[in-house]
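The lines below spell out each chain.
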Amino acid sequence: MSDIGKNIVVISGPSGCGKDTVVKHILKTDPRFVLSVSATTRAKRPYETDGVDYIFLTTQEFISKISKSEFLEHTMYCNNYYGTLRSQIEQKVARGKVVILVIEVEGARNVKKVYPDALTIFIAPPSLEELERRLRERNTEDDGVIKQRLYKANEELGFKSSYDYIVENNYVEQCAQSIIDIFDGKQ
Ligand code: 5GP
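Here is a short report on the structure shown in this document.

**Here's the deal with the environment of Ala43**
And step 1. For Ala43, the location among the structural elements is in the loop between strand E3 (39–40) and strand E4 (55–56).
And step 2. Of the residues examined, Ala43 reaches a relative accessible area of 62% and is grouped as exposed.
And step 3. Residues Ala43 and Phe56, 13 residues apart in the sequence, show an inter-C-alpha distance of 7.6 Å.
And step 4. Non-local contacts of Ala43, meaning those with residues more than four positions away in its chain, are made with Glu48 and Phe56.

**Focus on the packing of aromatic side chains**
And step 1. Scanning all chains against the criterion turns up 7 aromatic pairs.
And step 2. Between Phe62 and Tyr81 the ring centres are 4.9 Å apart and the planes differ by 15°, which places this aromatic pair in the stacked class. In this pair, Phe62 sits in helix H2 (residues 59–67) while Tyr81 sits in strand E6 (residues 80–85), placing the two residues 19 residues apart along the sequence.
And step 3. On the accessibility criterion, Phe62 (0% relative accessible area) is buried.
And step 4. Through a chain of ring-to-ring contacts, the aromatic side chains of Tyr54, Phe56, Tyr77 and Tyr82 assemble into a single cluster.

**As for the site of the ligand**
And step 1. Every one of the 16 residues lining the ligand counts as a neighbour, but Ser38, Arg42, Tyr54, Tyr82 and Glu104 are closest to it.
And step 2. Side-chain polar atom of Glu73 to a nitrogen atom of the ligand: 2.7 Å apart, as the coordinates give it.
And step 3. In the model, an oxygen atom of the ligand is placed 2.5 Å from a nitrogen or oxygen of the Tyr82 side chain.
And step 4. Of the residues in the shell around the ligand, the class split is 5 nonpolar, 5 polar and 6 charged.

**Overview of the sheet that holds E3**
And step 1. One open sheet holds the 4 strands; their spatial order is E4-E3-E6-E5, and the pairing between them is mixed. Either end of the sheet is taken by a strand with one partner, and the two such strands are E4 and strand E5 (71–77).
And step 2. Where E3 and E6 come together, 2 bridges link them in antiparallel fashion. Residue Ala39 lies in a different strand from E6, and its bridge partner there is Gly83.
And step 3. Contacting E3, E4, E5 and E6, H2 runs over the sheet at an angle of about 40° to E6.

**Topic: helix H6 (residues 143–157)**
And step 1. With 15 residues, H6 extends 21 Å from end C-alpha to end C-alpha; this agrees with the ideal 21 Å at 1.5 Å per step.
And step 2. The set of residues buried in H6 consists of Ile146, Arg149, Leu150, Lys152, Ala153, Glu156 and Leu157. Around the axis of H6, the buried residues are gathered within 165° of arc, so they sit on the same side.
And step 3. Against E5, E6, helix H4 (105–114), strand E8 (119–124) and helix H5 (128–138) lie the buried residues of H6.

What counts, and where the lines are drawn
Residues numbered from 1 in each chain as written. Predicted model: local features only at pLDDT ≥ 70, side-chain atom pairs only at ≥ 80, totals over all residues. Heavy atoms only, no water. Helix = DSSP H or I, 4+ residues; strand = E, 2+ residues; numbered from the N terminus. Buried < 20%, exposed > 50% of the residue type's maximum accessible area, 1.4 Å probe, protein only. Contact = heavy atoms within 4.5 Å. Phe/Tyr/Trp six-rings, centres within 6.5 Å; stacked < 30°, edge-to-face > 60°. Near = heavy atom within 4 Å. Polar contact = N/O pair within 3.5 Å; in protein donor to acceptor, adjacent residues only side chain to side chain. Nonpolar A, V, L, I, M, F, W, Y, C, P; charged D, E, K, R; others polar. Pairing = 2+ DSSP bridges. Axes fitted to C-alpha atoms, helices over the stretch in contact; angles between N-to-C directions. Expected span 1.5 Å × (residues − 1). Arc of directions from axis to C-beta.

These values are about where atoms sit, not about what they do.
Next up, the structure:
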């Protein structure tokens, strides 16, 4: 049980910092790593697949899982629920995998409380201007949501020093390799 934390990598970073692309690159290049697929109540984006990118749930379904203690952690982010299912971690670690959790700062803090050995990494954007440019370019949220996410990004950047490591995402491949190197250096 106590070794579970050593097989957990928690990655946070503001919306639009490119963390999903970086994580996809890690998963593609290093078979030791698998993703913890989170549950969420937010609407599915056109390019997302249910069960692969997220487990998409209704609010009622999500609340039912909370009441059954199925989540290791969960939170409300920009008016939607997000949570890490215990089963995702336990089953994947039991298979000998290192599980990557891509979650926001409150979730990261809660995972670290339960698993102090978990490695926590904050992916920082080169600048807030670049973050806004990437968010607008992605074109998946309307202006109100983008403003809300930028406000949240500013708030999240304030927590970066509480992570074990901070990695700037200038180039996806480089950022992904830095994370793998940090993980290997820690072993
Ligand atoms: P998005 O809607 O852009 O996919 O995710 C919004 C935020 O929720 C991101 O910061 C993402 O990392 C975070 N998030 C995704 N899944 C979880 C989760 O299971 N728990 C927590 N605490 N945050 C999550």
